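Close look at the chain arrangement
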Amino acid sequence: MRVLLVGAGGVGTAITRIAARRAFFEAMVVADYDPARARTAVAALGDDDRFAAEAVDAGDEAAVTTLLERHRCDVLLNATDPRFVMPLFRAARAAGATYLDMAMSLSRPHRDRPHEECGVKLGDEQFAQAGEWQSEGMLALVGMGVEPGLSDVFARYAADELFDEIEEIGVRDGANLTVDGYDFAPSFSIWTTIEECLNPPVVYEAGRGWFTTAPFSEPEVFDFPEGIGEVECVNVEHEEVLLVPRWIDARRVTFKYGLGREFVETLKTLHLLGLDRTEPVTVPSAGGPVAVSPRDVLAACLPDPATLGERMHGKTCAGTWVRGSKNGAPREVYLYHVVDNQWSMTEYGCQAVVWQTAVNPVVALELLAAGTWSGAGVLGPEAFPAQPFLDLLTAYGSPWGMREQ
């Protein structure tokens, strides 16, 4: 397997460090808009000649296609933010390469009823091309990070092994992470955090289909395992709600994020001030008027999440809560994966949130390389058997857990 990894930020760098310990691939080309970032990621791996650095604009489909062909890469792994999903998705198909991402194509709210009806849903642009990918015998594995990704694998495992009927699948994400010296320092890309937290959340119900609610709706307190404890969780737009019902029979699917009240209020304030907007505004500068995106300015003002590891303390938990019945009796479980920041920093030099996101696409790549996972079309993690993935994740030194509720 020859892989083109596009994006050498926090998650991309973590991918290289995890992959470097595995033998399933022949080459990994690390490409980034900033060539220095790509070179730094590769240099940190020492003399492993399977890795090479390149410069590429993720929005330039032709350039990405050329890079895939020049390095004879048969897989494109997208580690950029969701703005670049579609150009990279199209470039992979043009080059005849398998495509993997960790977040799907962007949504657009319903023009008139944004908190009741879906407009363009997450992944709609990709699934619109599923027929072409399938007819050409090509695979696009979408949403293969931690959430979405591992959370979807948990849903598949629950459906196959733990339940006869499922009432609800609810992804629940929480942490007790703190960052020394910062009152507000998101542990993941602020661009992506704003996109998913301030868009109308999507809920799925059998018989009704997909519909939306107001941001941060339906708050609940969820007790997370391994000492994290109780965290208030709220509805957030996320890919699992759009993926799980395509392959798994459940009467309701939700996603709730343990943001905490202070974080939610900060996001609401940013929205109130218009600082979450992506459309450029004109501002004065020493060289004359300049058009800038408020969200890009905000991202530039905040610390890079990849640099926070040394200041970060605590654990992060990704998991899937499932309620239903088995052998006629009610059952409720929480399948989860916890990463301690101290462990990920000691073992890999990566903070917990980006490491937890990065390990899952590497596991998926290894399953594809071995032929354990295979398929054609635009498929989510739910379309594949879960047990091989969970076994391999444990073999990577990062076991998962299950709690009867």
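Scroll up to find the structure this text is about.
Let me sum up the structure you'll find in this document. Remember, predicted model here, so these are calculated numbers, not experimental data.

Let's shift gears to the overall build of the chain. From N to C terminus, the chain includes 14 helices and 20 strands. In terms of its C-alpha atoms, the chain occupies a principal-axis envelope of roughly 60 × 50 × 45 Å. Taking all contacts inside the chain whose residues are at least 6 apart in sequence as the whole, residues at least 24 apart take part in 70%. For the chain, the accessible surface area stands at approximately 16400 Å², while carbon and sulfur atoms represent 48% of it. One finds the centroid of the 33 positive side-chain charges in the chain at a distance of 2 Å from the centroid of its 59 negative side-chain charges.

What follows deals with the side chain of Glu240. Within the secondary structure layout, Glu240 lies in helix H9 (residues 239-247). For the buried residue Glu240, which engages in no salt bridge, the nearest side chain bearing the opposite charge is Arg172, 9.5 Å off. Within polar-contact distance, the side chain of Glu240 engages the side chain of Ser151 at 2.7 Å. In this view, Glu240 contacts Glu147, Pro148, Ser151, Asp152, Val171, Pro245, Val253 and Phe255; residues no more than four positions away in its chain are not counted.

Look at helix H13 (residues 352-370): 28 Å from first C-alpha to last across 19 residues, which is about the 27 Å you get at 1.5 Å a residue. Buried residues dominate H13, accounting for 17 of its 19 residues. By the N-cap criterion, in which a side-chain oxygen at the helix start approaches the backbone nitrogen of a residue two or three places on, H13 is capped by Gln351, the distance to Val353 being 2.7 Å. Downstream of H13 by a residue or two, Gly371 has a phi angle that is positive, lying close to 80 degrees.

Time to look at the nonpolar core. Among the nonpolar cores identified, the biggest contains 119 residues, and Leu4, Ile15, Tyr99, Trp373 and Phe389 are the most heavily contacted of them. The leading source of residues in this core is H13, at 11 residues. Setting aside chain neighbours within four positions, we find Ile15 in contact with Leu5, Met28, Leu77, Ala79, Met102, Ala358, Pro361 and Val362. Among the nonpolar cores identified, the runner-up in size contains 10 residues, and Ile228, Val231, Cys233 and Trp321 belong to it.

Both strand E11 (residues 220-224) and strand E12 (residues 229-235) contribute to a ladder of five bridges, which runs antiparallel. Bridge pairing in E12 places Val221 opposite Glu232.

Looking now at empty space enclosed by the protein. The probe, sized like a water molecule, is rolled over the atoms to show the empty space still left. For the structure shown, the criterion picks out one cavity of 30 Å³ or more. Its volume calculated, the largest cavity comes out at about 80 Å³. Forming the walls of the largest cavity are 16 residues, and the residues nearest its centre are Ser107, Gly119, Val120, Thr212 and Glu237.

Reading across the sheet, the seven strands line up as E3-E2-E1-E4-E5-E6-E19 and stay open at both edges, with parallel pairing between neighbours. Both edges of this open sheet fall to strand E3 (51-55) and strand E19 (377-379), since each of them pairs with a single strand only. Between one strand axis and the next, the sheet turns by 20 degrees as a mean value, whatever way the strands run. Sheet topology note: the strand E4 (residues 75-78)/strand E5 (residues 98-101) ladder contains four bridges and is parallel. Bridge pairing links Val75 to Thr98 in E5. Seen against the sheet, helix H1 (residues 10-19) touches strand E1 (2-6), strand E2 (27-32), E3 and E4 and runs at an angle of roughly 165 degrees to E2.

Roughly 450 Å³ of internal volume is contained in the second largest pocket. Along its surface, the second largest pocket is lined by 21 residues, and Leu198, Asn199, His271, Asp276 and Arg295 are the ones closest to its centre. Listing elements by their share of the lining of the second largest pocket, those giving two or more residues are helix H8 (190-198) and helix H10 (261-272). It is H8 that provides the largest number of residues to the lining of the second largest pocket, a total of four residues. For the lining of the second largest pocket, the class distribution of residues is nine nonpolar, five polar and seven charged.

Residue placement: Gly207 occurs in the loop between strand E9 (202-205) and strand E10 (209-212). Gly207 sits 44 residues away from Arg251 along the chain, and the two C-alpha atoms are 8.3 Å apart.

Each value, and the rule that gives it
- Residues numbered from 1 in each chain as written.
- Predicted model: local features only at pLDDT ≥ 70, side-chain atom pairs only at ≥ 80, totals over all residues.
- Heavy atoms only, no water.
- Helix = DSSP H or I, 4+ residues; strand = E, 2+ residues; numbered from the N terminus.
- Contact = heavy atoms within 4.5 Å.
- Areas by Shrake-Rupley, 256 points an atom, 1.4 Å probe, with all protein chains shown as cover.
- Lys, Arg positive; Asp, Glu negative; His and termini not counted.
- Charge placed at Lys NZ, Arg CZ, Asp CG, Glu CD.
- Buried < 20%, exposed > 50% of the residue type's maximum accessible area, 1.4 Å probe, protein only.
- Salt bridge = Lys/Arg side-chain N within 4 Å of Asp/Glu carboxyl O.
- Polar contact = N/O pair within 3.5 Å; in protein donor to acceptor, adjacent residues only side chain to side chain.
- Expected span 1.5 Å × (residues − 1).
- Core = buried A, V, L, I, M, F, W, Y, C linked by side-chain atoms within 4.5 Å.
- Pairing = 2+ DSSP bridges.
- 1 Å grid on protein atoms, 1.4 Å probe; cavity = no way out; pocket = protein on both sides within 12 Å on 5 of 7 lines; lining within 4 Å.
- Points joined across faces, edges and corners; volume = space filled by probe spheres on them.
- Axes fitted to C-alpha atoms, helices over the stretch in contact; angles between N-to-C directions.
- Nonpolar A, V, L, I, M, F, W, Y, C, P; charged D, E, K, R; others polar.

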